[in-house]
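# Geometric and topological summary
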Amino acid sequence: MATTIRRAVIPAAGLGSRLLPLTKATPKEMLPVGDKPVIEHTVRELVASGITDITIVVSGGKSLIQDHFRPNPALVEQLRADGKRDYADAVEEVAELSRRGHITYLDQHGPYGNGTPVLNAARGVDEPMLVLWPDDVFVAEVPRAQQLVRAFEATSAPVLALMPMAPGDSQRYGVPVVKEDLDDGLLRITGLVEKPKPEDAPSAYAAIGGYVITPAIVDELREQTRRWNEHRTGEIYLTDAINAYATRRAVYGQVIQGRWYDTGNPADYLIAQFASALAHPEYGPVLRQLVRDIDPPTTTGLTATTT
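Residues numbered from 1 in each chain as written. Predicted model: local features only at pLDDT ≥ 70, side-chain atom pairs only at ≥ 80, totals over all residues. Heavy atoms only, no water.

### Examining empty space enclosed by the protein
Tallied over the entire structure, the rule returns one cavity of 30 Å³ or more. What lines the largest cavity is simply Arg 7, Ala 8, Val 9, Asp 53, Thr 55, Ala 121, Val 125 and Met 129. Elements supplying a minimum of two residues to the lining of the largest cavity: β1 (7–12) and β4 (53–58). Ranked by residue count, the leading element in the lining of the largest cavity is β1, at three residues. When its residues are assigned to classes, the lining of the largest cavity shows five nonpolar, one polar and two charged. (1 Å grid on protein atoms, 1.4 Å probe; cavity = no way out; pocket = protein on both sides within 12 Å on 5 of 7 lines; lining within 4 Å. Points joined across faces, edges and corners; volume = space filled by probe spheres on them. Helix = DSSP H or I, 4+ residues; strand = E, 2+ residues; numbered from the N terminus. Nonpolar A, V, L, I, M, F, W, Y, C, P; charged D, E, K, R; others polar.)

Have a look at this one:
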């Protein structure tokens, strides 16, 4: 599948502190959702959307990510010798993702903040890129990444992934300031307000972590980093760079069609796990029966009588 965007960045250097102690030894990106680690869902989404150059920005203790996608011919040979052909095929197919997505790895260097890994990956690159977080899982007929690419093709401008939100959730997200609704979920926006109170939220949408960024956004990140090196205060945030860019030029939001699961905190991670299992043709019926057994329906409105 040819696309106007070939590159993507997955920042995977975070500590996963909201999931401690689960993430003390296991990177949060490697926690399973269904039968795949969460980062594999993101890689599969990108490969399915035609991305052929994926950079995963990591920190110390993330070698399991590389191990997961690395070919393992010895394991495959052993599985085939044991007659476990399906397992061998599955292991080979994961390694094939690395080849198709041309996955490379970078160690994160620079100030704290989610803009730094993007800047690390953008060095020497002068073309638009996708940025997707590794703790999001999207279930959609058209992959979220492909929806973002289509929006970029229609606008030739930076694009943010948006989802409708309940008013009471505004303090959890960046909320876009919408200037114009262009139909089909495409919105012209003038910036983001970070975690506003419900009464101050400028729209009913949340920015949920998916971007097409352009070289000019990278320039804004470079400027932020230059100022940080002068004063050594604050952090480098991608949304700050987008807001700075939006004061002068067009930025768009694309309302994503699909279901979003965040795995970055315990409750949402459990929801993602449960939803994935329910959707599985083998595990779904088992789980539904388990729920019925644990919490059987009660009959109300009837009173027992004796004679």
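### Overview of the pattern of salt bridges
One pass over the structure, following the stated rule, counts 20 salt bridges. Of the charged contacts, one joins Asp 53 and Arg 7 as a salt bridge, the two residues approaching to 2.9 Å between their closest N and O atoms. Residue Asp 53 is found in strand β4, and its partner Arg 7 is found in strand β1; the two are separated by 46 residues along the sequence. Exposure remark for Asp 53: the relative accessible area of 12% places this residue in the buried category. Linking Glu 220 and Arg 248 is a salt bridge whose minimum nitrogen-to-oxygen distance equals 2.4 Å. Remark: Arg 248 occurs in the loop between α8 (238–246) and β12 (251–255) and Glu 220 occurs in helix α7 (residues 215–231); sequence separation between them is 28 residues. Put simply, Arg 6, Arg 7, Asp 53 and Glu 127 are held in one network by salt bridges that share partners. (Salt bridge = Lys/Arg side-chain N within 4 Å of Asp/Glu carboxyl O. Buried < 20%, exposed > 50% of the residue type's maximum accessible area, 1.4 Å probe, protein only.)

### Some points on the confidence of the model for the protein
Any region with low pLDDT has predicted coordinates that should not be read closely. Averaged over every residue, the pLDDT of the protein is 89; residues scoring 70 or more account for 95%. Predicted confidence for residues 302–307 stays below pLDDT 50, and this span has zero contacts to residues more than four positions away or in other chains. (pLDDT = per-residue confidence, 0-100. Contact = heavy atoms within 4.5 Å.)

### Observations concerning the layout of surface pockets
There is about 1,300 Å³ of room inside the largest pocket. Lining the largest pocket are 37 residues, with Arg 18, Lys 28, Asn 114, Trp 133 and Asp 135 sitting closest to its centre. Elements with a contribution of two residues or more to the lining of the largest pocket: β1, β10 (186–194), β11 (205–213), α8 and β13 (259–262). Of all the elements, β11 adds the most residues to the lining of the largest pocket, at four residues. Residue composition of the lining of the largest pocket, grouped by class: 16 nonpolar, 11 polar and 10 charged. One number sums up the size of the second largest pocket: a volume of about 430 Å³. Residue lining of the second largest pocket: 23 residues in total, with His 41, Val 137, Phe 138, Val 139 and Ser 276 positioned closest to the centre.

### Some details on the pairing of strand β6 (residues 129–132)
Neither face of β6 is left uncovered, since the one carrying Met 129 and Val 131 and the one carrying Leu 130 and Leu 132 both have all their residues buried. Bridging between β1 and β6 involves three bridges; their strand directions are parallel. Note that in β6 the partner of Ala 8 across the bridge is Leu 130. Relative to β11, β6 runs antiparallel, the two being bridged by four bridges. Paired with Leu 130 across the strands is Val 212, a residue of β11. (Pairing = 2+ DSSP bridges.)

### A short note on the nonpolar core
Of all hydrophobic cores here, the largest spans 40 residues; its most connected members are Leu 46, Ile 54, Ile 56 and Leu 130. Considering every element that reaches this core, the biggest residue donor is helix α6 (residues 144–155), with five residues. Ignoring any residue separated from it by four or fewer positions in sequence, one finds Leu 130 in contact with Ile 5, Arg 7, Ala 8, Val 9, Leu 46, Ile 51, Ala 145, Leu 148, Val 149, Tyr 211 and Val 212. Of all hydrophobic cores here, the second largest spans 31 residues; its members include Ile 236, Leu 238, Tyr 245 and Val 255. (Core = buried A, V, L, I, M, F, W, Y, C linked by side-chain atoms within 4.5 Å.)

### Remarks on the packing of α7 against α8
Running from amino to carboxyl end, α7 crosses α8 at an angle of 115°, the nearest separation of the two axes being 9 Å. On the basis of their axis angle, the class for α7 and α8 is roughly perpendicular. The element α7 and its partner α8 pack so that their crossing is right-handed. When α7 is examined against α8, the residues Ala 216, Ile 217, Glu 220, Leu 221 and Gln 224 are found in contact with a partner set consisting of Leu 238, Asp 240, Ala 241, Ile 242, Ala 244 and Tyr 245. Residues of the contact of α7 with α8, tallied by class, amount to eight nonpolar, one polar and two charged. (Axes fitted to C-alpha atoms, helices over the stretch in contact; angles between N-to-C directions. Parallel < 35°, antiparallel > 145°, perpendicular 65-115°, else oblique. Left-handed = near helix turned anticlockwise from the far one by under 90°.)

### A few points about the packing of helix α3 (residues 73–81) against helix α4 (residues 85–100)
At a minimum axis distance of 7 Å, the contact between α3 and α4 shows a crossing angle of 165°. Compared by their axis directions, α3 and α4 come out roughly antiparallel. Helix-helix and strand crossings are classified by hand; for α3 and α4 the assignment is left-handed. Along the contact surface, α3 presents Leu 75, Val 76, Leu 79 and Arg 80, while α4 presents Arg 85, Tyr 87, Ala 88, Asp 89, Val 91 and Glu 92. Looking at the contact of α3 with α4 residue by residue, the class counts come to six nonpolar, no polar and four charged.

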